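Reading the structure
Okay, here's what each chain looks like letter by letter:
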Amino acid sequence: MPATASSTPDGRVPSQQDLDTLSRQLNRPVRDVVEIPARCVCGNPLVAATAPRLSNGIPFPTTFYLTHPVLTAAASRLEAAGMMNEMTERLGTDDELAAAYEKAHLSYIAAREAIGERAGTGPVPEIAGISAGGMPTRVKCLHVLIGHALAEGPGANPLGDEALAAVAPWWTADRCYCEGAWDNAAPVPNKDLSRHVKHLNQQEK
Ligand SMILES: [Zn+2]
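Residues numbered from 1 in each chain as written. Predicted model: local features only at pLDDT ≥ 70, side-chain atom pairs only at ≥ 80, totals over all residues.

Under an unreviewed UniProt entry, the name given to the protein is DUF501 domain-containing protein, and the organism recorded is Arthrobacter stackebrandtii.

As structure tokens, this is what we get:
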């Protein structure tokens, strides 16, 4: 079936199992997750894409949320080691990097608008021009940058690519780190009724 503007790329629509896994990974019920833009080689979610407007009406700018505990812990280690300050300083002196990071900022907003369109949430003027993670001039959250890099692939976010390369001592894309990373036997924190599931049901009529 050919892709249309409103269709979601293959494999991105979250199953109930995906939503349960996300809730276990984060140890809280996930809300308004509409796509899984990056997965472990085993299929488990690495990143959740959240609708730009939550079902309670609140605008939500952090579209790509890093969920895998091994990755979130690795990103936190890099943050604690001062990587964000070092990157922000380089943005002030490296024009080429600054330009590429500005492009990443725009690509983040474009990806969010596309996700909002697919999820049926419509325009969210409250967060127009706003991305996340400190973009376009600062680095305030490596989790955001890594989430963006994983969701959009190499080249989308230069500092996300750098941070992703820097987590290699703890996580690499070529193998599964899920075993023991969260408690699969634990009860799911809560059942999620994602906006996307409702949206799909509407489309099926
Ligand atoms: Zn895995």
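Read on, since the account is not over.
**Digging into the packing of helix H4 (residues 95-119) against helix H6 (residues 158-166)**
Formally: Throughout, an axis means a line fitted to C-alpha atoms (over the contacting stretch in the case of helices), and angles, computed between N-to-C directions, take values from 0 to 180 degrees. The numbering of helices and of strands both runs from the N terminus, where a helix is a DSSP run of H or I of at least 4 residues and a strand a run of E of at least 2. Should an angle fall under 35 degrees it is called roughly parallel, over 145 degrees roughly antiparallel, and 65 to 115 degrees roughly perpendicular, with every other angle called oblique. We call two residues in contact when the distance between their C-beta atoms, placed using the backbone, is within 7 Å. Throughout, the ten residues Ala, Val, Leu, Ile, Met, Phe, Trp, Tyr, Cys and Pro are labelled nonpolar, Asp, Glu, Lys and Arg are labelled charged, and all others, Gly among them, are labelled polar.
Between H4 and H6, whose axes approach to 8 Å, the crossing angle comes to 95°. Taken together, the axes of H4 and H6 are roughly perpendicular relative to one another. Taking contact as the criterion, the partners of Leu97, Ala100, Tyr101 and Ala104 in H4 are, on H6, Pro158, Leu159 and Gly160. Along the lines of polarity and charge, the residues of the contact of H4 with H6 split into six nonpolar, one polar and no charged.

**Let's talk about the pairing of strand S1 (residues 33-39)**
Put simply, the test is: For every residue, the other C-beta atoms within 10 Å of its own C-beta are counted; 20 or more classify it as buried, 12 or fewer as exposed, and values in between as partly exposed. C-beta atoms are placed from the backbone. By the convention used here, strands pair only if DSSP detects at least 2 bridges between them.
Counting buried residues along S1, six of its seven residues qualify, which places the element largely inside the surrounding structure. Pairing of S1 with strand S2 (residues 45-50) involves four bridges; the strand directions are antiparallel. Its bridge partner being in S2, Val33 is matched across the sheet by Thr50. The loop that links S1 with its antiparallel partner S2 comprises five residues; one of these, Gly43, has a positive phi angle of about 110°.

**Remarks on the sheet that holds S1**
Adjacent strands of a sheet pair through backbone hydrogen bonds, lying either parallel or antiparallel. One open sheet accounts for three strands, arranged S1-S2-S3; its pairing is antiparallel. Because the sheet does not close on itself, it has two edges, and the strands there are S1 and strand S3 (64-66). Taking each pair of neighbouring strands and ignoring which way they run, the sheet shows an average axis angle of 30°. In this sheet, S3 lies alongside S2 in antiparallel orientation, the contact comprising three bridges. Within S3, the residue paired with Ala48 across the bridge is Tyr65.

**As for the nonpolar core**
Put simply, the rule reads: By convention in this section, buried Ala, Val, Leu, Ile, Met, Phe, Trp, Tyr and Cys residues joined through C-beta atoms within 7 Å make up a nonpolar core.
The biggest cluster of nonpolar side chains holds 44 residues, and the ones touching the most others in it are Val47 and Ile146. A per-element tally of this core places helix H5 (residues 142-152) first, with seven residues. Dropping the residues within four chain positions of it, Ile146 is found in contact with Leu66, Leu71, Ala75, Gly160, Ala163 and Leu164.

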